[in-house]
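Listed below, chain by chain, are the residues.
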Amino acid sequence: MRPAVGVVIPTRGDRPGPLRAALTGVLAQEYGGRVEVVVVADGVPASVVARQVSGVSGSPASPAAGLVAGVEAGGADRSVRVLDNRRAAGLPGARNTGISVLGTDLVAFCDDDDLWLPGKLAAQVAALAEEPDAGFASCAVEVEYGDRRVPRLAGIGHVTHRHLTRSRMMMVHSSTFLFRRGWTWVDESAPAGQNEDWDLALRAAWRHPIVHVDRPLVRVRWGSSHYAGRWADRIAGLEWMLARHPGLAAEPRGAARVYGQLAFCHAALGRRREAARWSLRAFSTRPGEPRAAVALAVAGGLVSPRAVLHALHRRGHGI
């Protein structure tokens, strides 16, 4: 018997097309075990979201919130529920709402603008089965931005706590997460939901190295991100991470990266003094930190933050 998998898809209801694609990608997985999908409506009535996904194979056939529909897809049971967020407003609360109603062996996340590629679920379940002491898995991704798709691989089969302290490792993305139910929960204190996935991965890796399938099995779509330009929220999220994970400041490479990101966010808000202060701290921690130099260029008006992000995103990278 293959373990049952519950999939949590949070949504604000403002991306119906990508949401339908995300749900289709989950339901199309060729996996021999039961798959139970929970679409969590955050800040919008579940009835609205249910109408948006109506007609997707295995989704509710009527807009009644909370309706469960069971279908046969690929020889395995599939079910979909659409629920209101019952916990704190925002992405962390929506994820935890989904976790709380699932009775499956494993839990997975998929953002409403991302897409699981064929073989994702089967590969990760198999990788976890090979390591009974492990409880958390990720996989490589394919970043889609405009007309470009760039694979981001880790080059390793296990992601440790030190890996995630030295680098954010964006391929350890929330839409790749698969973990044993009861292994962990999302921290709802994350400011505006910022960095809740990095925090979750760090806590998981502290318990046991994350099992990583280093093949791009999730397509991460950056063009419609809710978080890209929310500079004040990003500052709050980075400061939250520094306070919550003191080890970040103890690792020079990782600390300089965070300080450089803070410098860039302040520069994007026109806060030149703060941008200079964090840039100096980044350079002092790791001479040559590129984010600090870019932040100073933005603060000096030599380039816009939008232009910087556009150039980086086309290469499959972020600041």
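Shown above is the structure to which this text applies.
Residues numbered from 1 in each chain as written. Predicted model: local features only at pLDDT ≥ 70, side-chain atom pairs only at ≥ 80, totals over all residues. Heavy atoms only, no water.

### What about the pairing of strand β5 (residues 106–109)?
Here is the key point about a regular strand: its side chains alternate between the two faces of the sheet. Rules: With a 1.4 Å probe rolled over the protein chains alone, any residue whose accessible area is under 20% of its type maximum counts as buried; one over 50% counts as exposed, and the rest are partly exposed. Numbered from the N terminus, helices here are DSSP runs of H or I no shorter than four residues, and strands are runs of E no shorter than two. By this definition, two strands are paired if DSSP reports at least two bridges between them.
Burial along β5 is two-sided: the residues L106 and A108 and V107 and F109 are all buried. With 4 bridges connecting them, strand β1 (residues 5–11) and β5 associate as parallel partners. In the sheet register, V5 faces β5, and the bridge partner there is L106. With 3 bridges joining them, β5 and strand β10 (residues 178–180) adopt antiparallel strand pairing. Of the residues in β10, the one forming a bridge with L106 is R180.

### What to know about the state of the cysteines
Quick reminder of the rule: Disulfide assignment relies on a single distance test, namely cysteine sulfur atoms paired within 2.5 Å.
Under the defined criterion, the tally for this structure stands at 0 disulfides. In this model C110 remains outside any disulfide bridge; the closest cysteine sulfur is found in C139, 10 Å from its own.

### Topic: the environment of G43
Locating G43 in the fold gives a position in the loop between β2 (35–41) and α2 (46–53). The class of G43 is exposed, set by a relative accessible area of 83%. Taking the C-alpha atoms as reference points, G43 and P209, separated by 166 residues in sequence, lie 35 Å from one another.

### Notes on the pattern of salt bridges
Short version of the rule: Take a side-chain nitrogen of Lys or Arg and a carboxyl oxygen of Asp or Glu: if they are within 4 Å of each other, that pair is a salt bridge.
Taken as a whole, this structure holds 21 salt bridges when the rule is applied. Among the ionic pairs, R15 bridges to D113, the shortest N-O distance being 3.4 Å. Within this pair, whereas R15 is found in the loop between β1 and α1 (16–27), its partner D113 is found in the loop between β5 and β6 (115–116), the two being separated by 98 residues in sequence. Residue classification places D113 among the buried positions, given a relative accessible area of 7%. In this structure, D197 engages R168 in a salt bridge whose closest nitrogen and oxygen atoms are separated by 3.1 Å. Linking D197 in helix α6 (residues 196–207) with R168 in the loop between α5 (161–166) and β10, this pair joins segments that are 29 residues apart in sequence. Of the two residues, D197 and R168, both sit in the buried class.

### Concerning α6
For the record, the criterion: Expected helix span is taken as 1.5 Å per residue step, with the number of steps being one fewer than the number of residues.
Relative to the 16 Å expected for 12 residues at 1.5 Å per residue, α6 spans 17 Å between its end C-alpha atoms, a close match to the ideal helical length. Where α6 is concerned, the buried positions are E196, D197, W198, D199, L200, A201, L202, A204 and A205.

### Quick notes on helix α12 (residues 305–313)
What counts, and what does not: What the arc covers is the set of directions going from the helix axis to the C-beta atoms. Contacts between residues were defined by any pair of non-hydrogen atoms, one from each residue, lying within 4.5 Å.
Buried within α12 are the following residues: P305, V308, L309, L312 and H313. Along the axis of α12, the buried residues cluster in a sector spanning 125 degrees; they form a single face. Packing partners of the buried residues in α12 comprise β7 (136–145), α7 (231–244), α9 (252–268) and α11 (290–299).

### Some thoughts on the packing of aromatic side chains
Our working rule: Under the pairing criterion, centres of Phe, Tyr and Trp rings, with the six-membered ring standing for Trp, must be within 6.5 Å; the plane angle then separates stacked pairs below 30 degrees from edge-to-face pairs above 60, leaving the rest tilted.
Inspection of every chain in the model, using the stated rule, returns 6 aromatic pairs. Here the aromatic rings of F109 and F179 are separated by 5.5 Å at their centres, their planes lie at 80 degrees, and the arrangement is edge-to-face. With a gap of 70 residues between them, F109 in strand β5 and F179 in strand β10 connect regions that are remote in the sequence. Look at F136 and F179: their rings are 5.5 Å apart centre to centre, the planes differ by 5 degrees, and that puts the pair in the stacked class. Taken together, the residues span a long stretch of sequence, with F136 in strand β7 and F179 in strand β10 at a distance of 43 residues. You can call F179 buried: its relative accessible area is 1%. Three or more aromatic residues link up through ring pairs in this structure, and these residues are F109, F136, F177 and F179.

### Observations regarding the pairing of strand β11 (residues 210–221)
Judged by how many residues are buried, β11 sits mostly within the fold: 9 of 12 residues are covered. One ladder, built from 2 bridges, connects β6 with β11; its direction is antiparallel. Directly across from L115, in β11, lies its bridge partner R219. Bridge analysis of β7 against β11 gives 8 bridges, and the strand direction is parallel. Paired with A140 across the two strands is P216, which belongs to β11. Bridging between strand β9 (residues 158–159) and β11 involves 2 bridges; their strand directions are antiparallel. Residue pairing across strands places V159 opposite I210, the latter belonging to β11.

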